[in-house]
Amino acid sequence: MGVKTEDVRSRSIEELIIEGAGCASCVGKIENALKSVSGVENAEMNFAQRTVSVTGTANPSALVKAVERAGYSAKVATSESDGDALAEKEQADWAYYKRLMREMTVALSLGVPLMIYSLFVGEMTVTTATERVTWLVVGILTLGVLYFSGKHFFVGAWQSLKNHSANMDTLIALGTGTAWLYSMVVVLVPHLVPEMARHVYFEATAMIIGLINLGLALELKARGRTSEAIKRLIGLQAKTARVIRDDKQLDIAIEDVLEEDVVRVRPGEKIPVDGKVIEGSTTVDESMLTGEPMPVEKSVGDDVVAGTINKSGSFLFQATRVGKDTALAQIINMVKRAQNSKPPIGRLADIISAYFVPVVMIIAVISALAWLNFGPEPALAFAVVSATTVLIIACPCALGLATPMSVMVGVGKAAEAGVLIRNGEALQTASKVSAMILDKTGTITLGSPKVTDVLVASEYDEQTVLQLAATLESGSEHPLAQAIVESARERGIKTSKVSNFNAIAGHGVEAEVDGKSLLFGNEKLLRERQVELGNFVEKAQGLAAEAKTPMYFAVDNELAAIIAVADPIKDDSVAAIKRLQDNGVRVVMLTGDNRATAEAVAEKVGIKEFFAEVLPDEKSKKVQELQMEGEIVGMTGDGINDAPALAIANVGFAIGTGTDVAIESADITLMRGSLHGLADAVAVSKATLRNIKQNLFGAFIYNVAGIPFAAGVLYPFFGMLLSPVIAGAAMAFSSLTVVSNANRLRFFKAKKH
Amino acid sequence: MLFINIAGIALIALIVWWFWLYTPQQMKLGEGDLVIVVENGTYSPSRIKIPEGKPVELKFLRKDQSPCSETLLIPKLEISETLPSNKLKLIQIPALEPGEYDFHCQMQMYRGKIVAG
């Protein structure tokens, strides 16, 4: 950060990817071509990898041109912005899609007529000389299909075989290769094959290649949709910013904005980077980031966040975080990471898929042997068909895709609702939460107390009482004190000078104002100072029962008033808590407040269980107590005071304020204050886990049932044997099914409120 | 028939040995400009030897278009990165205890190992 792009360009390392360099002697040619470009200090080519690192000041397009002049083609390999990377990826995906569709068309235009022939016209057997010639021609055509449409399977299979690993390509190449080779043997040297087994399977070869390419193409399309959420987030980034440098207004690319730049934003524009408002005021729509539907008012000193939209006024702000440091960039990063992480439920599938392909190959061999040993005539043909079908029907992809696809969509969906899930494990545990602990202050309530009642006891009126109390409290940092100061300011009351200020820890404060001695605090403090309280004790208890915190105010040792302060409950806390309870979650409230206040708040929001007067360091103990009862505990707090409890809970939910993105101690961060985010988080986790289970179940059943079926276990009982073409179709569509099922999660709706 | 059965069993033995028992050669980080190329269903090289207790940087280059090759996962290190196509991607590996650390693509069809020590 803090360096202009021009400066970066002044000396850099560019990586180029070279294409068309077939011999080691090209290395010198390419290096020399690059070194001749002005500004290049050095160029080193790695021939094995076909890459060149170029150091110097030359610009990348000049480098590419130099390589092209030398007779090769080159591409720049550098990292760039998320948006560009995304556009490039979409382009690459589209090209890949078109290639797969083209290959599919070629393969099926041979496979479909052949299949129609075999089904309705005649047997694909080799008996006469004419048949031999005809099938030889078809066999060569099929080889053409294998080369044009199936080359990537064979190259992949060979590469991974060399590497002692096996993948989907291995199975497809082996399956189609076996079918084609056997058929060619039948055509070329029929006498090696028993007469009954002289059958060709060219239609299967072409159909399987075509169908699998079609499946891959459709899967690619469906996959594109799984990353919609992240695309939407990346799309929130502005492309340019209007900065003011040296009294001049410049439109510059967002990457070039520096920290401390002053940026102007007009109504309707996106805020380009994070910063602090220094001039003007406005309202900002932050819903795209936090899910909070109401626009937020901003004035001088308030923070603004990149990606949100300025609604009403024009304002200036100073950039505080730019580039990869903005909240939006961090959110994108966090969501990406979480989307690629796996919940524990996927582990078994992972272990299986690691051993899957070689096991399938072994099953194919066993199945062929079984047919050869025990099968009816033509045993050889049956053996070939069953081995091919086993290889083709086995689908490690469906198994491997089951979990990640759902996590991808689920985590993205959560992010749309303003819920950031740290990883797959948090997602899985959140779906199982049985007890939810809610911290009262700042979670159920707004966390900013307000004066609710002033009950005057003596000759003073409310105005005077507030003026004195606010003056007394103006030096205090306590939230209750600030509530009083704030309340006085709202009523336009001016405070005066304080002397001899003294805070009595845990009880209250005293001081002298305008020659009067003031005392402010709880019942205990006033009784100690022998202030007569009279029937105000009952009034205070009445206020406490309404979830308010009453405090006594005495002037010259005589009771002047009770001032009650309360922390208002958030508008939607009641509804959100009910959502959790309706989902079977046991909701427990935790607070440092006294019992009466706690009870009153709990009753208002419909919580039956609560712990009052809990000291901050006791919170994690309460979490453990519930865990001992066998509950899977979710803890919700503000992430700062509640960090230890959040960390010890099975899932920690931190209530953020929209900009504190990655709250360290939390597994799940709610970007808006509303508790609906919490209910949404639990709901989306449940939906995602259900989706994963469906996928895993489908993939397991598919492979566990499909393989024996393909091997021919049904044959002895029903005389049925699966056709390799059907196996190819089933295999092609199994991963598509998994991806499509995961895509259904996109329709999950976070509750509207 | 006996011959066919023996050949079949030998084939199974070969599969077991080739895919599970054989340890492929490993490349040492620092020997030349090591780039792990993702292409045709494999990482090459797929076994990368790195020094223990020292953070290092691995270079990945994805030339494969298939969507699964796009994600690189190193589960033990909680690393999950998207590999752009035809662009070098640098992956920071923290200082590691001696041992083996698997990396693979999203569906685990592409597999490799980092060997620290």
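Residues numbered from 1 in each chain as written. Chains lettered and ligands numbered in written order. Predicted model: local features only at pLDDT ≥ 70, side-chain atom pairs only at ≥ 80, totals over all residues. Heavy atoms only, no water.

- Chain B goes by Plastocyanin in an unreviewed UniProt entry, where it is assigned to Idiomarina aquatica.

- Per an unreviewed UniProt entry, chain A carries the name Copper-exporting P-type ATPase and comes from Idiomarina aquatica.
- The UniProt entry for chain A carries the following comment under Sequence similarities (unreviewed entry): "Belongs to the cation transport ATPase (P-type) (TC 3.A.3) family. Type IB subfamily."
- On record in UniProt, under Subcellular location (unreviewed entry), the comment for chain A is "Cell membrane". (UniProt positions renumbered as here; feature names shortened; annotations may be inferred.)

1. Some details on the packing of helix α8 (residues 228-235) of chain A against helix α10 (residues 327-340) of chain A
All names here are of chain A.
Line of reasoning, step 1. Between α8 and α10, the shortest axis-to-axis distance is 10 Å and the interhelical angle comes to 165°. One way to sum up the angle between α8 and α10 is to call them roughly antiparallel. Handedness of the crossing formed by α8 with α10: left-handed. Contacts between α8 and α10 involve I230, L233 and I234 from the first element and L328, I331, I332, V335, K336 and Q339 from the second.
Line of reasoning, step 2. Its residues assigned to classes, the contact of α8 with α10 shows 7 nonpolar, 1 polar and 1 charged. (Axes fitted to C-alpha atoms, helices over the stretch in contact; angles between N-to-C directions. Helix = DSSP H or I, 4+ residues; strand = E, 2+ residues; numbered from the N terminus. Parallel < 35°, antiparallel > 145°, perpendicular 65-115°, else oblique. Left-handed = near helix turned anticlockwise from the far one by under 90°. Contact = heavy atoms within 4.5 Å. Nonpolar A, V, L, I, M, F, W, Y, C, P; charged D, E, K, R; others polar.)

2. Topic: the pattern of salt bridges
Residue and element names in this part refer to chain A.
Line of reasoning, step 1. Counting across every chain of the model gives 30 salt bridges over all chains.
Line of reasoning, step 2. Between E228 and R746 there is a salt bridge, with its nearest N and O atoms 3.0 Å apart. One end of the pair, E228, is in helix α8; the other, R746, is in the segment after α26 (724-744), and 518 residues separate them in sequence.
Line of reasoning, step 3. Residue E228 is classed as partly exposed on the basis of its relative accessible area, which comes to 38%.
Line of reasoning, step 4. Linking E629 and R586 is a salt bridge whose minimum nitrogen-to-oxygen distance equals 3.0 Å. Taken together, the residues span a long stretch of sequence, with E629 in the loop between α22 (619-628) and β24 (633-637) and R586 in strand β22 (residues 586-590) at a distance of 43 residues. (Salt bridge = Lys/Arg side-chain N within 4 Å of Asp/Glu carboxyl O. Buried < 20%, exposed > 50% of the residue type's maximum accessible area, 1.4 Å probe, protein only.)

3. Side note on the UniProt feature "transmembrane region" (unreviewed entry) in chain A
Residue and element names in this part refer to chain A.
Line of reasoning, step 1. Using the residue numbers shown here, the UniProt feature "transmembrane region" (unreviewed entry) corresponds to residues 104-121, 133-150, 171-193, 199-218, 352-374, 380-403, 696-715 and 721-742.
Line of reasoning, step 2. Its end C-alpha atoms 30 Å apart, residues 352-374 is made of 100% helix and 0% strand.
Line of reasoning, step 3. Along residues 721-742, the helical share is 86% and the strand share 0%, with 32 Å between the first and last C-alpha atoms.

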